[in-house]
Every structure is written in C-alpha cells, then in structure tokens.
Amino acid sequence: MAKNDLLGASLWDAYSNKVTTLMNNPKHQGEITEEEAASHGNRLIVADFGAESCGDAVRLYWEVDPKTDVIVNSKFKSFGCGTAIASSDVMTELCIGKTVQEAVKITNIDVEFALRDNPETPAVPPQKMHCSVMAYDVIKKAAGLYLGVDSESFEEEIIVCECARVSLKTLQDVIRLNDLTTIEQITDYTKAGGFCKSCIKPGGHEEREYYLVDILRDTRREMDEEKMKAAADAGTKGNFESMTLVQQIKAIDAEIDESIRQFLIMDGGDMEVIDVKPSDEYIDVYIRYLGACNGCASSATGTLYAIESTLKEKLSKKIRVLPI
C-alpha cells in the first residue's frame, strides 16, 4: 500500500525527502561488536538514552581510535517512530570523523537542520520536532563513558525544560529559525513545556529561573528590533523606496528615534508616524505632534523642516513630511 493511502499526501508533504528516505532506509542502523572494534585496535562505546515520557529510546555505538579520540565508525538502534529513526541516523553520521570532544558539541538543532532539504523549510511537521531531542543526551552519555567523566560535565547550556532537556539557546534558536509566535508552537517544535509544564510560566510545581513565556517575549522583541534596524540600514543604503509599507514605517521610526525624538522630548514634546503614502513624485509621511509640540508655532516651520531634512538625507529625497 502506498504511503499516501495510509496518511494522505498532505502529511507526507510536511516531511523532507531526507526524512522519508531515512525512515525506511537508514544508513547507520545496526551495532558494532567488541570483537569488531578490537580487531581495528579501537575502543567500543555503547550508550543508551530513553525518553520514557514519549516512548522513544536510542542506543548509540561509537568505535573510537584511542590514539586520536576520533570516532571512526558509529551505528545506532532506535526504539521509536520513523522520525526518531531518521534523526538518530543523521546524528550518527554527524559523529563519524569527529573527535569525541567535537562530537559532544553536536546539538539537537544541528540534527534537525541536517535533515532539511533546504535551509528555510523544517524537516518534519511541528508535532514531530521533538523526535531529535535525544541526540544531545545520548552523545553526552557516550562521551562521558569514553572520557570517564559525568556526562553532565559537558553541560554548558542553561536547561529550561528538564523534562525534555531543552536549553535556553535551543529555544532561542528554534524561535528565530522558525519564526515562532506561541507557546504551543514551541512545544510542538521542541517538546519543552509538554510534560510537567513548570517551565511554561510561574506557578507550576517547580520554580524555574527561566520560563517559556519570558523567553518567547524577549526573543520576539529582539527579532523585531533587529528587523527595524535592518530596515533602517536598508533605507540608508538607498533601498527605502523598494521597502514594504511596514518596513518604511519602521525605518522612519528608527531614524526618528536616533536623530530627532530626543530633541522633541527635551522640549516636552514628541511625535508619531501615522501613515506613509507613496506616489510617483513624493513619499508623503504623515505625522502627529504630541505634548508641547502639538500646537507649537515652530512645529509647522523649523521643527518640520528639521524632521523632513533628516528623513530626506537618511532615507529618501522623495520624502515629504505632512503634519496632521
């Protein structure tokens, strides 16, 4: 029976070609024996990690050259869904050729990104994103066994969700990479907040230093600020006229914040951009004065000239500022 008959074409369209291929034909599934590793003069490391909460588990085999610490061969066994098999296969491939010290830096994000057909499109549907979260844990465990140290000694990240072992950096990266806007999306992509829920917001059974609601808010704010700066920079480079309306308004606001607003506030006033209307001859910027600037005589003369001159110089010579 064809896969489309089982699940429908729309669901399969949400998986990358790499995932669907590796689900049924993983390259590195299997095991390495002590005898095989010893015959090559290498050391065998076997590490297990299981996420009881979702029923997935993985066993990772490393054949390590003890003279160089390089992982010369690696295989896996996975007890989970097809996505977990594909993720484990890519994780295993990423380990081969690296030293143990290099391999321990492989993250869950690296695994998911390696499964993509192109950098912009996620490899799996959001609800299956969590299937790669075991990669970092089992790699840490294998490295700890090889080096004779506690696997937690490799933990350089701040763990926000203990249940799914999701770090602060992973959450920030996933929000940025996939333009996430809700807690539900974060849980779909990382499984953070999907279990005890203490990490979602204050008030759970365990107090946390970081909460998903705060991380989402702060990361989104940083993203918005970066977009505004990029829009302003693009305007400075002469691209203002090709921007979208929203980008133009953000670029104008950014320029006003940097060059104009502080002087208005010193005089007890302020201003806001109401609208931008481009035409063949002009780009009309409609503004409204606030505070002491509202009704001030100079707001229609010197102040207006200063605002318009600054925006003409920084963004576009076609700008015409009109107070309303």
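First, a word on scope: everything that follows refers to the structure included in this document. (Residues numbered from 1 in each chain as written. Predicted model: local features only at pLDDT ≥ 70, side-chain atom pairs only at ≥ 80, totals over all residues. Heavy atoms only, no water.)

Counting secondary structure elements, the chain contains 14 helices and eight strands. Of the contacts made within the chain by residues no fewer than 6 positions apart, 56% connect residues no fewer than 24 positions apart. Accessible surface, the chain as shown: approximately 16700 Å² in total, 51% of it carbon and sulfur. (Helix = DSSP H or I, 4+ residues; strand = E, 2+ residues; numbered from the N terminus. Contact = heavy atoms within 4.5 Å. Areas by Shrake-Rupley, 256 points an atom, 1.4 Å probe, with all protein chains shown as cover.)

The strand order β6-β7-β8 describes an open sheet built from three strands, whose pairing is mixed. Pairing within the sheet leaves two strands with one partner each, and these edge strands are β6 (269–278) and β8 (319–323). Within the sheet, the average angular offset between the axes of one strand and its neighbour, ignoring direction, is 30 degrees. Note: strand β7 (residues 283–291) against β8, five bridges, orientation parallel. Counterpart to Ile283 in the pairing with β8 is Ile319. The strands that helix α12 (residues 245–259) touches are β6 and β7; relative to β6, the one it contacts most, it runs at about 150 degrees. (Pairing = 2+ DSSP bridges. Axes fitted to C-alpha atoms, helices over the stretch in contact; angles between N-to-C directions.)

A few words now on the pattern of salt bridges. Evaluation of the coordinates by the stated rule reveals 16 salt bridges. One salt bridge connects Glu93 with Lys27, and the closest N-O pair in it is separated by 3.9 Å. Note that Glu93 is positioned in helix α5 (residues 82–95) and Lys27 in the loop between α3 (17–24) and α4 (34–39), a separation of 66 residues in sequence. A single network of salt bridges, built from pairs that share partners, joins Asp214, Arg217, Asp218 and Arg221. (Salt bridge = Lys/Arg side-chain N within 4 Å of Asp/Glu carboxyl O.)

Before going further, it helps to examine the packing of aromatic side chains. Across all of its chains, the model carries zero aromatic pairs by this definition. In this arrangement the basic side chain of Lys277 is found over the ring face of Tyr286, its NZ or CZ atom lying 5.7 Å from the centre. One cation-aromatic arrangement involves Arg320 over Tyr282; the distance from NZ or CZ to the ring centre is 3.9 Å. (Phe/Tyr/Trp six-rings, centres within 6.5 Å; stacked < 30°, edge-to-face > 60°. Lys NZ or Arg CZ within 6 Å of the ring centre and 35° of its normal.)

Turning next to helix α8 (residues 134–147). Helix length check: α8, at 14 residues, gives a terminal C-alpha distance of 20 Å against a target of 20 Å (1.5 Å per residue), a fit within 8%. The buried fraction of α8 amounts to eleven of the 14 residues, a majority that puts the element mostly inside the structure. All of the buried residues along α8 are Met134, Ala135, Tyr136, Asp137, Val138, Ile139, Lys140, Ala142, Ala143, Gly144 and Tyr146. In the segment just after α8, Gly148 is the residue with positive phi, at about 70 degrees. (Expected span 1.5 Å × (residues − 1). Buried < 20%, exposed > 50% of the residue type's maximum accessible area, 1.4 Å probe, protein only.)

In the sheet, β6 pairs with β7 via nine bridges, with the strands oriented antiparallel. Looking at β7, one finds that Pro278 is bridged to Ile283. Linking two consecutive strands that pair antiparallel, namely β6 and β7, is a turn of four residues.

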